[in-house]
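Here are the chains, one letter per residue:
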Amino acid sequence: MGVSRLEHFIDGMIATGITGQIFGEHGIGKTSTFLSYVPRAHDLDVVLVPAANLTPDDLLVNAPVRDAVTGELALHQLIMKQLNPGRRFVLLIDDSLQAGDTIQSQLMQIACNWTLGEHDLRKLGCVGVFLTDNESAAETSARRTDLAVLDRMATLTIGANDTSWRSSLTSRFPGWDLDGVFRVWAAQTPEVRRLFAPRTLQHMLDLAEAGLPMRWGLPLVHGARLEFLDKTDEILTQLAVALGVADPVTVADPVRRLLRTAIARRWAVLLQGPPGCGKTEVAKQIVREETGRDPVYFSLPVTNVEDLCVPVPAPDGTLDTLLTRALLGPQAKVIIWDEYNRPKDRAAFARLMEITQEWSLAGRPIEALRAQFALQNPPYHVGRKLQVTPNNLAQASRFTASLEVGRDDIPAGQWLIDTYGRPAEAALDWWKFDIDEEGRDWVSKRTLERLIKLHLHDQPLQAGLIYLGDGEYAPIPLAGLEARLAGERRLGLPELAADPDGWEARLTAGRAAGDEGSDDTDLVHQVFANAEVSQLREHVDVVVRLLRHLPPKLRATYLVGQTPERQRFWIDAVKAMAGNAERPPVGVASGAAR
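Summary of the structure given here. Given the structure is predicted, the values throughout are model-derived calculations rather than measurements.

1. Regarding the sheet that holds strand 1 (residues 19-23)
As a general point, the strands of a sheet are linked pairwise by backbone hydrogen bonds and lie either parallel or antiparallel.
Argument step 1. Strand order in this open sheet of 5 strands is 2-5-8-1-9, and the pairing throughout is parallel. At either end of the open sheet lies a strand with only one pairing partner, and these are strand 2 (45-50) and strand 9 (153-157). Each strand of the sheet is rotated relative to its neighbour by a mean of 20°, with strand direction disregarded.
Argument step 2. Across 5 bridges, strand 5 (residues 89-94) lies against strand 8 (residues 126-133) in parallel orientation. Note on strand 8: the bridge partner recorded for Leu91 is Val129.
Argument step 3. Against the sheet, helix 4 (residues 101-113) engages strand 1, strand 5, strand 8 and strand 9, with an angle of about 130° to strand 8.

What follows is the structure, encoded as structure tokens:
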């Protein structure tokens, strides 16, 4: 395969010593082409400077240094350590239009003269300077309009067909013949191909290889899943056929499954879910289980640039960077970026963008970084706008997977029962049976735990609801919860166990009336479906006895899309029902996290 148009341009700029400016859509392989082609074809290092992440003191700073001749302190200009690597290099200034005004001035000196302050980059080993970006006004903060600057460089505008992304994907997935995948991509309209960037395609292939839904590879932009106009489902089906794999709509226990896979495969992933659904706690738990260590945790609303890194003069006269100690050392690390779309300021967010995009900070790769989890809320919840910052497509597409976490995607009921006992069972029954879908959106698992704690300490339950201001609380009636906590029994497994003969007779009569059963059939099915595993095991004899009277299609739902623990119980229950195995073990399962 011959060189791509971009690779040919790189060759020419290095040979002529002209600054190269490259514009192209996000995710088409501009940066990856440099990082793979330049070392291979020219035996040169690539010094990558993500311009969007720079602060004014990163490239150049004045510092007092004792003069070797006079012995007096004098100001010296210290240059970024990466720009003096000790061997010949090509400088790649990525996302060059996304830097602030002060940085733009520094970048223009580099682009025009290959100098920075008093330093000549040629003398430091630089043999090529390139600036790359996407010209979209939605993703850039500057425009180059000064003819004195524009007259100093050669400019190339490219599309996806001008980079080597196909060969890169072929090398990344040697077990697949990707010709069919490339044909699916090439058959799309220009507008769909713009949305369906090669970077997004790579994420989808990564997910398919791991047995996860390819749809998770589509980024969340402003909180909404990116769609390929009206062709998303069709394209996903065509890709699955081309790869010869199944593309599941979802998987059992999706959040834990994704987080474990991310650590195993070194991914950065995004979880978006409503407040209080358990994102942070389950992420911390998975990190501890998989690495044996606590995560490196940052809450963005209180994270400053100085919490991540600080530039300092180095003994060799360059400008080095001190990283936070949490990011140093050979021990396995997983970073949690909590409240990801609520950054304290733009500078701090720019810094973490370098980590999520390049897995480095101030140009220094972060040792033993195994995964990154970004956790955020959606822009709206229960009809109310949340104070979150919007993103753009270039930022959103950096994550291998973006998962919208539903209310029930992080099971917490068993943990509540293990922690709080009978009051938790009563509160969960109220949450599952007594309030409607909208009410359950108002009462997160965090709110439910707060209500249980208030009850245990004889405090008014209303204080545990979300307070909306001006004396108004979340619109949730609490009479049913108060009655259950006071001991009132409503239909649940204990009630079924108290009258197994009567319920068996009702179910038998329902089956005689029709294959679908009766209202009693639906009630028993709802009780089984909503019960926690420990509750099912406690009343296993009644469960097995009544299970045989439920329609087969209802029994099948207990085995599909469930956590492994629930699947094991129901498999054993079905076997016991058929008389081919012993009954499931009686005991309380534990260990489920919020």
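Picking up where we left off.
2. Things to note about the pairing of strand 14 (residues 309-313)
Argument step 1. As paired elements, strand 14 and strand 15 (residues 319-323) share 5 bridges and run antiparallel to each other. Looking at the pairing, Cys309 lines up with Leu323 of strand 15.
Argument step 2. Connecting strand 14 to the next strand, strand 15, in antiparallel fashion are 5 residues, including Gly317 with a positive phi near 85°.

3. Describing the side chain of Gln272
Argument step 1. Tracing the backbone through its elements, the reader meets Gln272 in strand 12 (residues 268-272).
Argument step 2. Within the structure, Gln272 has its side chain in polar contact with the side chain of Gln376 (distance 2.8 Å).
Argument step 3. In this structure, Gln272 is in contact with Leu220, Gly223, Lys279, Gln376, Asn377, Pro378, Leu403, Glu404 and Val405, ignoring residues within four places of it in sequence.

Criteria and cut-off values
- Residues numbered from 1 in each chain as written.
- Predicted model: local features only at pLDDT ≥ 70, side-chain atom pairs only at ≥ 80, totals over all residues.
- Heavy atoms only, no water.
- Pairing = 2+ DSSP bridges.
- Helix = DSSP H or I, 4+ residues; strand = E, 2+ residues; numbered from the N terminus.
- Axes fitted to C-alpha atoms, helices over the stretch in contact; angles between N-to-C directions.
- Contact = heavy atoms within 4.5 Å.
- Polar contact = N/O pair within 3.5 Å; in protein donor to acceptor, adjacent residues only side chain to side chain.

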